[in-house]
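Examining the three-dimensional arrangement
Each chain, written out:
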Amino acid sequence: MHLARFPRFALGHFPTPLEKMPRLSAALGGPTIWIKRDDCTGLATGGNKTRKLEFLVADALQQGADTLVTQGATQSNHVRQTAAAAHIAGMKCRALLERRVTTMPASYESTGNVLLDDILDCPYEFRERGLDMNAEGQALAERLRATGAKPYFIPGGGSNAIGALGYVSCAYELVAQADQMGLRIDRIVHATGSAGTQAGLVAGLHAINAPIDVLGVSVRAKRTAQIDSVHRLAVATCELLGARGTLERDRVEVIDEHVGAGYGQAGAETVAAIRQVARTEAILLDPVYSAKGMAGLIAQVRAGTFSKSDNIVFLHTGGASALFAYEALLAEPRSADGSTGH
Ligand SMILES: *Cc1c(COP(=O)(O)O)cnc(C)c1O
């Protein structure tokens, strides 16, 4: 499948590295774990939305748009990367932030990714949780249109078929890297939210007939609902690509045991995954997505799902900018003089 048929606007550093995690693999005593560093895409601290935005921004420019409009949760990595992409493309950006997490201190709405939105000069408005945020975003776009702007609405997470082409590109890139290294990939594992990442990977692997299983670790939805949304979007992406053959629903694998108390809420298991990966590989995961994905991978290793000779690729989707908003959960205890003695 020829991806260069689709307009693309360069925003990131590609290919991202594919590296071994020797210390984590040894600590877990299971398969060999590899990491695909999509946290290193480079766009204002990077992350998985960069690949999607390369196709979405190109489409926006082709339509003559001058303002990107999008939405996400308060600590959205997608909003931050969209705000950054707008500058490179010479556009404005406007965002809506959903107060999806209600259990955090007030600084949750000003630090981490929100601070980066400020630095990137992206005006945002908050919305209370539970609204149809894509409808809210589209309404904002229409209000901007009425004032003479030319808005381009990007759905939450950049997850439509155009955005998912970004993860078709990742599937091609990963398979090419593995082939060059002589590496047989047995499974890809990553955090799944708005579904575009997994849908693009599954569609891309289907299109090049590389039957590698992709396990999505849900950060929000129940398993069946998440499989439905990933499969629906993967089928739409295959149609856009012109990939032949039916993409069966059983190509989409999701587990939902690592959501914890809910989207954006990090429990003990999530914190443990952040610490273990930082203290073995010196790689920073995030509390909303990638650490839940890693917790899922670790649990599968412990459950004996993989054989020792397997090569498992963890797709690091980014998000470490949100760590600062989770100080209350992650800081070590201090003594009276401010020192930590753990
Ligand atoms: C958005 C996001 C995801 C989830 O990707 P989807 O395409 O929305 O499923 C995973 N990790 C991070 C850090 C993200 O920002």
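To start, this report covers the structure provided alongside it. (Residues numbered from 1 in each chain as written. Predicted model: local features only at pLDDT ≥ 70, side-chain atom pairs only at ≥ 80, totals over all residues. Heavy atoms only, no water.)

In the vicinity of the ligand lie 17 residues, with Lys-49, Lys-52, Ser-194, Thr-197 and Thr-317 positioned nearest. Gly-193 is positioned such that a nitrogen or oxygen atom in its backbone is 2.7 Å from an oxygen atom of the ligand. Within the side chain of Thr-317, a nitrogen or oxygen atom sits 2.6 Å from a nitrogen atom of the ligand. Expressed as a share of its isolated accessible area of 380 Å², the protein-covered part of the ligand is 98%. Among the elements of the structure, α2 (49-62), β7 (187-192) and α7 (196-207) are those that each provide at least two residues to the shell around the ligand. Across the shell around the ligand, the residue classes break down as 3 nonpolar, 11 polar and 3 charged. Both domains that furnish three or more residues to the shell around the ligand are identified here as domain 1 (3-47 + 160-330) and domain 2 (49-158). (Near = heavy atom within 4 Å. Polar contact = N/O pair within 3.5 Å; in protein donor to acceptor, adjacent residues only side chain to side chain. Areas by Shrake-Rupley, 256 points an atom, 1.4 Å probe, with all protein chains shown as cover. Helix = DSSP H or I, 4+ residues; strand = E, 2+ residues; numbered from the N terminus. Nonpolar A, V, L, I, M, F, W, Y, C, P; charged D, E, K, R; others polar. Domains from an automatic or database assignment.)

Next up on the list: the pattern of salt bridges. One pass over the full model with this rule turns up 20 salt bridges. Where Arg-23 meets Glu-281, a salt bridge forms, and the shortest distance between an N and an O atom there is 2.7 Å. Taken together, the residues span a long stretch of sequence, with Arg-23 in helix α1 (residues 22-28) and Glu-281 in the loop between α9 (268-280) and α10 (290-302) at a distance of 258 residues. For Asp-186, the salt bridge goes to Arg-184, with nearest N and O atoms at 3.0 Å. Given a relative accessible area of 47%, Arg-184 falls into the partly exposed group. Among the charged side chains, a network of salt bridges with common partners joins Lys-36, Asp-38, Arg-51 and Glu-173. (Salt bridge = Lys/Arg side-chain N within 4 Å of Asp/Glu carboxyl O. Buried < 20%, exposed > 50% of the residue type's maximum accessible area, 1.4 Å probe, protein only.)

Another aspect to go through is the sheet that holds strand β10 (residues 311-316). In space, the 6 strands of this open sheet follow the order β1-β2-β10-β7-β8-β9, with mixed pairing throughout. Bordering the open sheet on either side are β1 (18-20) and β9 (253-255), each of which pairs with just one other strand. When strand polarity is set aside, the average angle formed by the axes of neighbouring strands in this sheet is 30 degrees. Relative to β10, β7 runs parallel, the two sharing 3 bridges. From the neighbouring strand, Arg-187 faces β10, where its bridge partner is Ile-312. With respect to the sheet, helix α6 (residues 161-181) is in contact with β1, β2 (32-37), β7 and β10, its orientation differing from that of β2 by roughly 130 degrees. The strands touched by α10 within the sheet are β2, β7, β8 (213-218), β9 and β10, with β10 carrying the most contacts at an inclination of about 165 degrees. (Pairing = 2+ DSSP bridges. Axes fitted to C-alpha atoms, helices over the stretch in contact; angles between N-to-C directions. Contact = heavy atoms within 4.5 Å.)

Time to look at the side chain of Thr-74. Mapped onto the fold, Thr-74 is located in the loop between β3 (67-73) and α3 (77-89). Those residues in contact with Thr-74, other than ones at most four positions away along the chain, are Leu-97, Glu-98, Arg-99, Tyr-108, Glu-109, Val-114 and Phe-126.

It is the contact of α2 with α6, at a shortest axis distance of 6 Å, that shows an interaxial angle of 135 degrees. Classed by the angle they form, the pair α2 and α6 counts as oblique. When the axes of α2 and α6 are compared, the crossing they make is right-handed. Only Ile-162, Gly-163, Leu-165, Gly-166, Tyr-167, Ser-169, Cys-170 and Glu-173 of α6 make contact with α2, whose side of the interface consists of Arg-51, Lys-52, Phe-55, Leu-56 and Asp-59. Counted by class, the contact of α2 with α6 contains 6 nonpolar, 3 polar and 4 charged residues. (Parallel < 35°, antiparallel > 145°, perpendicular 65-115°, else oblique. Left-handed = near helix turned anticlockwise from the far one by under 90°.)

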